[in-house]
Amino acid sequence: MATARDGRELFTILETSADAESSAACDGQEHPLNLSSGVKWFEIPFKKPGEEEEEDGEEDEEGEGENGDASTAAGSSLGCDILVVTPRSNGVKHEEEDTLEEGCVSASCSDDSDLDFSDLEEEEEERAGFLGYNEDLYEDCTSPEFWGEPDQAIAIEPFTAASGPQHALGEDADTRDYFRVLFPDSLLEHMVEQTNNYALYRQRRSGKADPHWHPTHAREMRAYVGLNILMGVNQLPEAGMYWASDIFIGNAGFKKTMTARRYEKLTQYLQLCDREAEPVRGERGYDGLFKIRPLLDVLESTMWDAYTPNRCLTVDKSVVAPGRSSPTHSMPSKPLRKGLSVWMLCDSRSGYCHRARIHVGRPSEDQAAVLQGYRAVTSLVHGLEGQYHHLFMGSFLTSVPLLQRLLRDGLYACGPTQSGRKGYPEVLRPRNVGKLAQGEFYQCQRGNLVATVTRDVKVISFLSTNSAPGIVGISPGEQHGGEGDSDSMDSSGLTLGVPRPLPLLLYQENMRGVDLCDQLRECYQVGRPCRKWWRYFLWFYVNLCIVNAYIVLRESRGGAPPAGCNGKQFTQRHFRVRLAQLLIGDYQGARGMERAARKRHADSPIEYGHRLERMSERSRRCRNCTNKGLRHESVFGCKICNVHLCRGGCFSEFHK
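Note that the structure is predicted; figures quoted are calculated from it, not measured.

Summing up its helical and strand segments, the protein has 20 helices and 23 strands in all. For the protein, the residues scored as buried account for 51% of the 656 residues in total. A total of about 30700 Å² of accessible surface is found on the protein, and carbon and sulfur atoms cover 48% of it.

Looking now at helix H12 (residues 400-408). Within H12, the full set of buried residues consists of Val 400, Pro 401, Leu 402, Leu 403, Gln 404 and Leu 406. Gly 410 occupies a position one or two residues after H12 and carries a positive phi of about 85 degrees.

Its location among the elements puts Thr 314 in strand S6 (residues 312-321). From its side chain, Thr 314 meets the backbone oxygen of Asn 510 in a polar contact 3.0 Å long. Setting aside chain neighbours within four positions, we find Thr 314 in contact with Met 344, Leu 345, Cys 346, Ser 348, Phe 392, Asn 510, Met 511, Arg 512, Gly 513 and Val 514.

Before going further, it helps to spend a moment on the pairing of strand S10 (residues 390-393). A regular strand places its side chains so that they alternate between the two faces of the sheet. Burial along S10 is two-sided: His 390 and Phe 392 and Leu 391 and Met 393, pointing in opposite directions, are all buried. Sheet topology places S10 next to strand S11 (residues 412-417); three bridges connect them, and they run parallel. When the sheet's bridge partners are listed, Leu 391 is paired in S11 with Ala 413.

By size, the foremost hydrophobic cluster in this structure holds 78 residues, and its most contacted members are Phe 183, Met 258, Ile 292 and Met 344. The element contributing the most residues to this core is helix H16 (residues 533-556), with 18 residues. Once you skip the residues sitting within four places of it in the chain, Phe 183 turns out to touch Leu 188, Met 191, Leu 295, Leu 299, Val 542 and Cys 545. Grouped together as the second largest cluster of nonpolar side chains are 34 residues, Met 393, Leu 397, Cys 444 and Leu 463 included.

Before going further, it helps to spend a moment on the sheet that holds strand S23 (residues 643-644). Taking strand neighbours across the sheet as the criterion, the three strands line up as S19-S22-S23 in an open arrangement whose pairing is antiparallel. Of all the strands in the sheet, just strand S19 (612-614) and S23 have a single pairing partner and so form its edges. Where S19 lies against strand S22 (residues 636-638), three bridges are found, and the strand directions are antiparallel. Paired with Leu 612 across the strands is Cys 638, a residue of S22.

On to helix H7 (residues 218-233). Between its terminal C-alpha atoms H7 stretches 23 Å, which fits the 22 Å expected from 16 residues at 1.5 Å a residue. By the criterion of burial, H7 is predominantly enclosed, with 13 of the 16 residues buried.

A cluster of nonpolar side chains, Ile 247, Phe 248 and Ile 249, forms an exposed patch at the surface whose accessible area comes to about 380 Å². Within the fold, Phe 248 resides in the loop between H7 and helix H8 (252-257).

What follows deals with the packing of aromatic side chains. Scanning the entire structure with this criterion turns up 18 aromatic pairs. When the centroid spacing of 5.3 Å and the interplanar angle of 80 degrees are considered together, the rings of Phe 146 and Trp 147 count as edge-to-face. The burial state of Phe 146 is the same as that of Trp 147; both residues are buried. Judged by centre distance (6.4 Å) and plane angle (80 degrees), the rings of Phe 570 and Phe 575 are edge-to-face. Both residues of the pair, Phe 570 and Phe 575, belong to the buried class. An aromatic cluster of three or more residues is present, and its members are Tyr 224, Tyr 242, Trp 243, Phe 254, Tyr 263 and Trp 539. For Arg 446, the ring lying beneath its charged end belongs to Phe 146, and the centroid distance is 4.6 Å. Note that Arg 647 overlies the ring of Phe 636, its terminal NZ or CZ placed 4.5 Å from the centroid.

Here we take up the confidence of the model for the protein. Overall, the prediction assigns the protein a mean pLDDT of 76, with 68% of residues at 70 or greater. The low-confidence segment residues 598-607 (pLDDT under 50) makes 16 contacts with residues lying over four places distant or belonging to another chain.

Conventions adopted
- Residues numbered from 1 in each chain as written.
- Predicted model: local features only at pLDDT ≥ 70, side-chain atom pairs only at ≥ 80, totals over all residues.
- Heavy atoms only, no water.
- Helix = DSSP H or I, 4+ residues; strand = E, 2+ residues; numbered from the N terminus.
- Buried < 20%, exposed > 50% of the residue type's maximum accessible area, 1.4 Å probe, protein only.
- Areas by Shrake-Rupley, 256 points an atom, 1.4 Å probe, with all protein chains shown as cover.
- Polar contact = N/O pair within 3.5 Å; in protein donor to acceptor, adjacent residues only side chain to side chain.
- Contact = heavy atoms within 4.5 Å.
- Pairing = 2+ DSSP bridges.
- Core = buried A, V, L, I, M, F, W, Y, C linked by side-chain atoms within 4.5 Å.
- Expected span 1.5 Å × (residues − 1).
- Patch = residues over 30% accessible without salt bridge, like charges linked within 9 Å, V, L, I, M, F, W, Y side chains within 5 Å.
- Salt bridge = Lys/Arg side-chain N within 4 Å of Asp/Glu carboxyl O.
- Phe/Tyr/Trp six-rings, centres within 6.5 Å; stacked < 30°, edge-to-face > 60°.
- Lys NZ or Arg CZ within 6 Å of the ring centre and 35° of its normal.
- pLDDT = per-residue confidence, 0-100.

Spelled out as structure tokens, the structure:
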């Protein structure tokens, strides 16, 4: 038997695995959903305060200790491997202390386009959003009668939907084929068209042509994306260093694919939208994400269709990159504490990202924060209604109205919340609970909705609709081969961890989908740092498609490499290098193309800003007449071509 070190008997651990009947009884119980088999769990029976007082009186008459024999009797009746009992002296300083007795109960477990976060939304959409939010408050969650004793059994419908990769690729499919499922060729062709249009648009606005630019095409754009992927694998401080003449720094493959100047020009004019049709701020139809809207519209459907969600999903915020623009947010708990951020819906098992929503806005009030999280989650899970998925989310998102809405839509959820948030039980707030010791917890219940307050490393408040109250688990700790305290070890030599309520255990086991996706994405960045915020999101989504394509390939082929790849291991690094090689192919941008581009801009003189104007005060020979063997002089000419031309037909004839 082991008790708390400080002398306050918060829990008692009894080892009853030697009892054959007890082991058989525990094995017969159904294991809680979403909990790994290595976690030892048990159920603490709920007893009314009067019943417990009667039992305690009988034990006092027998002269036995309150915790010792009571724990032994409970342990023998449940027949579990490990039993944790929380005493009644819980330190709750509130009039409703009796309703929180023991803090746990007995229960049976059974098994559109992108969200517009721009600052000028339609009034009708705002009104609809608020009305939808208020519909979930039809029951006043702040009333004292809303929460009751945790003595009800919850109902969890089984998850039966098909899940996993969804594609029609054969055994001979390569990395580019899997990437094309997420990032189709039509999107690259759209990038080519808008990049060429934007180059002309910039030259018309400046009034002069760019002698180093010539229109791009699909093969070159694929090679450009491939080079940016390789830059994440072979990282150098500056982009120009890949074309350095130093044999120890420069990359021969980059030099062969395209020149450094050509790479700079493609980066300069890269575009995803028609900039001439972009609405200005204040106009109807203004969209803060207009510059990347075509990208979002395409990837919204491809990412969703390529992989059917599994049962457990994670919703959390991810940092795209450090940024200096208005959408920048501060997140102290993330590796990158400040930057552009997105909300992501990821698979808890594989890390596949099903949807991503760009986070714009800084809600200062709690109601605004709850509304923003409410809208983000409901948009991310749109299309999953009635399939009984289990969502795990962060404290910024979790609220009573949101969990009620999700439960009504056939979705279960679990996550920490802020104890001061509207709807959380008043009796479970820190000022009423008092000081908790590690492993101690209290719960309230309303149907499937269970509120929990516990102390792990610090005091945590939880809301859940997929966790039966009263179930406590202990995760296996480190294995010790030497001698130690036998009371803190089981028969296999594993140390026994701190007992935790089921919501906390489920959260720790399944709140990892976004972290897995971030780990895969952060290993190899795509693209170079820049000053334009939308470029960060472009390369973020390209990188996200690479990660998703790698996950689809890995699960479709069982970890085996694709056709044409040798070796037993096929890691993400191999996937990225192979993908970049296939995107580049045999493309070689010749230097002669750039020299020819200096003359090619004259094919459309008006488009590129060519016009007849006075060149100097002194007349010089007309270039067009000189080419025909004639001698005429003129003070007029074309400054773009830097030639003198007669005012007659020599200007148009020369530019043909």
